[in-house]
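# Structural characterization, general
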Amino acid sequence: MTELKDVSFSYAAAPEKGCIKHMDLTVPDGQFLLLTGGSGCGKSTVIRLLNGLVPHFFEGELSGDVLIDGRSVPKMELYETAAMQGTVFQNPRAQFFTVDTTGELAFGCENQGLPEEEILSRIDRTVERFRIADLMDRNIFAMSGGEKQKIACASVDTAQPPLILLDEPSANLDYASTMQLREIIKLWKAEGRTIIAAEHRLFYLWDIADRALLIRDGSIAEDWSRADMDSMTNEKLAEYGLRSIHDTDPVTIELSCSRSEVFSVKPHKKFTFPTEIPLHEITAVVGRNGAGKTTFLRHMCRSAKRSRRIFMVMQDVDHQLFTDSVLEEVLISLPDEDEEKAREILRSLDLEDYADRHPMSLSGGQKQRVAIACAAASGRDILLFDEPTSGLDYEHMQQTAQLFRQLREQGRTILVVTHDSELIEACCTDIIRLE
Amino acid sequence: MIKLDPRTKLLLLLAEAIVVLGGLGGSSAEPFKTVFMVLPFLLLFSAKKVRTAVIGGLLLGLGLAAEFIPAGHSCSIILLMCSGILTRFVPSIMMGNYVMSSTKVSEFTAAMERMHVTQKITIPMAVMFRFFPTVKEECSAIGEAMKMRDIRFGGSKVLQMAEYRLVPMMTCSVKIGEELSAAALTRGLGSPVKRTNVCRIGFHAADIVMFLLCAAALGWIIWRSVT
Ligand SMILES: Nc1ncnc2c1ncn2[C@@H]1O[C@H](COP(=O)(O)OP(=O)(O)O)[C@@H](O)[C@H]1O
Ligand SMILES: [Mg+2]
């Protein structure tokens, strides 16, 4: 059994702001619990309370107790908790210790000091069950996000912990990889492991979870049983600010517009990419991982380099904010550094209050909006976005859709690579499929 | 492919640093210096890191060629300095590259354990194996984003340019470093239990050859400096 007993916690970095408030929770063995809620509501913090990172790694003020099988996590050392739980994190780039996949699968068991033969046989078993023989003995740096996340799950599996924690494991995955993740979670559920997953993309977990919690402001706002979950509708979820539970594969969505005016793209040497992009529309670019979506965007940038018409916002916004204030960020994007104009852009995107904030102190959704503001400021008329809503909750996804519509009204052309069918439904007017 | 024990690789790295980078033994160690200049390239080829080896080889060749340019030129001093830097540093960097790219993390920790080095030293060193390629990945992503944003070089903005590049790199590196340690800790790193290491390390013929080579170089340098 896993329990939170009247737990309150605030991070040392923000002591006045309580992050978890008097939370009581009992998760019986074998239950699959889904934690959901908007960004910043405290989902990750609950996961960290359970794996001991709070308070051992992220320090702060903790009261109450967290128990796994009757043992207190805050009182145990991290390496003791390590044997009782396994965690899959959000960022596939930053959760590996070794560089080769086989070493990674062995890592957790090696730390527990298990005998070598035992570790090898566990690796064999996991490789077979997860069907990842083709991923063994490979360099993790040369793998896609979906493959990395599979290896992360597999390395949790070899350690065979009774409790499995997942913190937004699908945030960087496309539809097909997300469905593979679902199969892995089903496998664990069938084995009777306790699973606690924090997630705001609900569609791939909603029908296999036993129970769902809505967290709001660090407290449990709703506790839905299986029966409650069955009678839930998308409309009701939207009222709670949650994402859709319907799984629409973006590749199957049909959309089309007149395509009266088009922008021509030079043919690519290796791939057969579309050569015409409808102007003044919001076009979704969909396709499986490895279909060359990002390559397509890069190719467009390169082929139109001289005309200075194209601006691209990459997937990881952390890489593309350089300066020490939001205003400065927009200023350097403007062709002429005009402060009045920069403020106007910020105002139109509802960002004026953040003008003097350091970009790195903003949340993921806010950073995304700043990146969009820079794109708008660049004065170029074709804007490319690579997965702008991965990791955004319902509200921020809708905000992004709203911004796109605004930019279109200004006459811009938007091309957005995405696997978010809700974003496509919310704002796109055309769709391009890459094979 | 020549397979060396991680301990042998560390010894080679040390010997490389002493003989080529440090230039110990001066001109009397010349024959060994040549051997140690060529060795990292052979090893890189054997590890199929052809691209790295070719680039390094060109740089080293450039450095060596510069020594033959007749003196008396106005810029010959600068040339000589550049050539000195290239011939000294390139072989050691190549050896470092070989060691990092051909050693698995678990092999490295196993080797350190056999040498009775404490975990307090081994773990931070093991993290480096993962951290450097990660930072490299980040850097190239940032560079690309800067090009896209059309951040202008030159003029009054040189300092700002450096800042624009460093700020996201530092914040990303710190963030990733933090995430890496958090993930490793939840998987039991640092436990006082004796770690298992699932990998085969041990000395073979190739290791013995390398040991003899290093011993010979050391012996030669000492003998020449005494007599
Ligand atoms: N390391 C930290 N230091 C200080 N505050 C933090 C830290 N991590 C998260 N927070 C804050 O705690 C709150 C809850 O965050 P989090 O648990 O990450 O939410 P979620 O995962 O639901 O998005 C947020 O307001 C966030 O800003
Ligand atoms: Mg989170």
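Residues numbered from 1 in each chain as written. Chains lettered and ligands numbered in written order. Predicted model: local features only at pLDDT ≥ 70, side-chain atom pairs only at ≥ 80, totals over all residues. Heavy atoms only, no water.

This paragraph deals with the side chain of A:Gln85. Its place among the elements puts A:Gln85 in strand β6 (residues 85-88). A polar atom in the side chain of A:Gln85 sits 3.3 Å from the backbone oxygen of B:Thr186. (Helix = DSSP H or I, 4+ residues; strand = E, 2+ residues; numbered from the N terminus. Polar contact = N/O pair within 3.5 Å; in protein donor to acceptor, adjacent residues only side chain to side chain.)

Attention now moves to the sheet that holds strand β7 (residues 163-167) of chain A. Residue and element names in this part refer to chain A. Within the open sheet, the 6 strands sit side by side as β6-β7-β8-β3-β9-β10. Their pairing is mixed. Pairing within the sheet leaves two strands with one partner each, and these edge strands are β6 and β10 (219-225). When strand polarity is set aside, the average angle formed by the axes of neighbouring strands in this sheet is 15 degrees. Pairing of β6 with β7 involves 4 bridges; the strand directions are parallel. Residue pairing in the sheet places threonine 87 in a bridge with leucine 165 of β7. Helix-sheet contacts for helix α6 (residues 145-159) involve β6 and β7, and the interaxial angle to β6 is about 175 degrees. (Pairing = 2+ DSSP bridges. Axes fitted to C-alpha atoms, helices over the stretch in contact; angles between N-to-C directions. Contact = heavy atoms within 4.5 Å.)

Our focus in this paragraph is the pairing of strand β13 (residues 282-286) of chain A. Residue and element names in this part refer to chain A. With 5 of 5 residues buried, β13 lies mostly within the body of the structure. Burial of β13 is two-sided: the residues Ile282, Ala284 and Val286 facing one way and the residues Thr283 and Val285 facing the other way are all buried. Examined bridge by bridge, β13 and strand β16 (residues 413-417) share 4 bridges and lie parallel to one another. Bridge pairing in β16 places alanine 284 opposite valine 416. Here β13 pairs with strand β17 (residues 430-433) via 4 bridges, running parallel. Bridge pairing links alanine 284 to isoleucine 431 in β17. (Buried < 20%, exposed > 50% of the residue type's maximum accessible area, 1.4 Å probe, protein only.)

To continue, consider a nonpolar patch on the surface. Residue and element names in this part refer to chain B. A contiguous nonpolar patch, built from Phe45, Val50, Val54 and Leu58 and spanning about 370 Å² of accessible area, is present on the exposed surface. Residue contributions to the nonpolar patch peak at 3 residues, all from helix α3 (residues 50-66). Mapping phenylalanine 45 onto the fold places it in helix α2 (residues 30-46). (Patch = residues over 30% accessible without salt bridge, like charges linked within 9 Å, V, L, I, M, F, W, Y side chains within 5 Å. Areas by Shrake-Rupley, 256 points an atom, 1.4 Å probe, with all protein chains shown as cover. Salt bridge = Lys/Arg side-chain N within 4 Å of Asp/Glu carboxyl O.)

The next thing to look at is the domain arrangement of chain A. Residue and element names in this part refer to chain A. Per the domain assignment, the segments making up chain A are domain 1 (2-239) and domain 2 (251-434). Taking the mean C-alpha position of each, domain 1 and domain 2 sit 32 Å from one another. Contact residues are listed per partner, giving 16 residues for domain 1 and 13 residues for domain 2. Linking domain 1 to domain 2 there are 3 residue pairs in polar contact (both at pLDDT 80 or more). Here the side of domain 1 that touches domain 2 gets 3 residues from one element, more than from any other, and that element is helix α7 (residues 175-190). Across the side of domain 1 that touches domain 2, the residue classes tally to 5 nonpolar, 7 polar and 4 charged. (Domains from an automatic or database assignment. Nonpolar A, V, L, I, M, F, W, Y, C, P; charged D, E, K, R; others polar.)

Paired through backbone hydrogen bonds, the strands of a sheet run either parallel or antiparallel to each other. All names here are of chain A. Strand order in the open sheet formed by 5 strands is β14-β15-β16-β13-β17, with parallel pairing between adjacent strands. Two strands close off the open sheet at either side, each with one partner strand: β14 (310-313) and β17. Averaged over all neighbouring strand pairs, the angle between strand axes comes to 20 degrees, with direction disregarded. Seen against the sheet, helix α10 (residues 293-303) touches β13, β14, β15 (382-386) and β16 and runs at an angle of roughly 155 degrees to β15.

On to the nonpolar core. All names here are of chain A. Counting 49 residues, the largest nonpolar core has Ile185, Trp188 and Trp206 as its most contacted members. Among the secondary structure elements, those contributing two or more residues to this core are β3 (32-36), α4 (101-112), α5 (116-130), α6, β7, α7, β8 (194-198) and β9 (211-216). Looking at this core, the element that brings in the most residues is α7, giving 6 residues. Apart from the residues within four sequence positions on either side, isoleucine 185 is in contact with Phe32, Leu166, Ile195, Tyr204, Leu205 and Ile208. Core analysis: the second largest hydrophobic core is formed by 42 residues, Val286, Val370, Cys374 and Cys427 among them. (Core = buried A, V, L, I, M, F, W, Y, C linked by side-chain atoms within 4.5 Å.)

With that settled, consider the site of ligand 1. All names here are of chain A. Around ligand 1 sit 14 residues in total, of which Lys17, Gly40, Lys43, Ser44 and Thr45 are the nearest. Between ligand 1 and glycine 40 there is a distance of 2.6 Å, counted from an oxygen atom to a backbone nitrogen or oxygen. For ligand 1, an oxygen atom lies 2.8 Å from a polar atom in the backbone of lysine 43. Relative to its unbound accessible area of 560 Å², ligand 1 is 70% covered by the protein chains. The element best represented in the shell around ligand 1 is helix α1 (residues 43-51), accounting for 4 residues. Among the residues making up the shell around ligand 1, the classes are represented as 5 nonpolar, 6 polar and 3 charged. (Near = heavy atom within 4 Å.)

We now examine the packing of aromatic side chains. According to the stated counting rule, one finds 15 aromatic pairs over all chains in the structure shown. Between A:Phe385 and A:Phe404, the aromatic rings sit 4.7 Å apart at their centres with planes inclined by 45 degrees, giving tilted as the arrangement. Note that A:Phe385 is positioned in strand β15 and A:Phe404 in helix α14 (residues 394-409), a separation of 19 residues in sequence. For the pair formed by A:Phe385 and A:Phe404, the shared burial category is buried. Ring geometry for B:Trp220 against B:Trp223: centres 6.5 Å apart, planes inclined by 45 degrees, an arrangement best described as tilted. Here B:Trp220 pairs with B:Trp223, and both are found in helix α8 (residues 205-226), just 3 residues apart, close to one helical turn. The partly exposed category is assigned to B:Trp220, whose relative accessible area is 29%. Using a relative accessible area of 53% as the deciding quantity, one classes B:Trp223 as exposed. Put simply, the rings of A:Phe9, A:Tyr11, A:Phe57 and A:Phe58 touch in pairs and so form one group of aromatic residues. Positioned above the aromatic ring of A:Phe58, the side-chain terminus of A:Arg48 is 4.0 Å from the ring centre. (Phe/Tyr/Trp six-rings, centres within 6.5 Å; stacked < 30°, edge-to-face > 60°. Lys NZ or Arg CZ within 6 Å of the ring centre and 35° of its normal.)

Turning our attention to the pairing of strand β1 (residues 2-11) of chain A. Walk down a regular strand and you will see the side chains alternate between the two sheet faces. Residue and element names in this part refer to chain A. Taking burial as the measure, the 10 residues of β1 include 8 buried ones, the bulk of the element. When β1 meets strand β4 (residues 60-68), the two strands line up antiparallel, connected through 8 bridges. Among the inter-strand pairings, threonine 2 is bridged to a residue of β4, identified as isoleucine 68. In the sheet, β1 pairs with strand β2 (residues 20-27) via 5 bridges, with the strands oriented antiparallel. Bridge pairing in β2 links phenylalanine 9 to isoleucine 20.

Three- or four-residue spacings in an α-helix give side chains the same orientation, since the helix completes a turn every 3.6 residues. Residue and element names in this part refer to chain A. What helix α12 (residues 339-348) keeps buried is the set Ala342, Ile345 and Leu346. Along the axis of α12, the buried residues cluster in a sector spanning 100 degrees; they form a single face. Contact partners of the buried residues in α12: α11 (326-333) and α13 (364-377). Capping of α12 at its N-terminal end is provided by aspartate 338; its side-chain oxygen lies 3.0 Å from the backbone amide nitrogen of glutamate 340. Aspartate 350 lies just past α12 and shows a positive phi near 65 degrees. (Arc of directions from axis to C-beta.)

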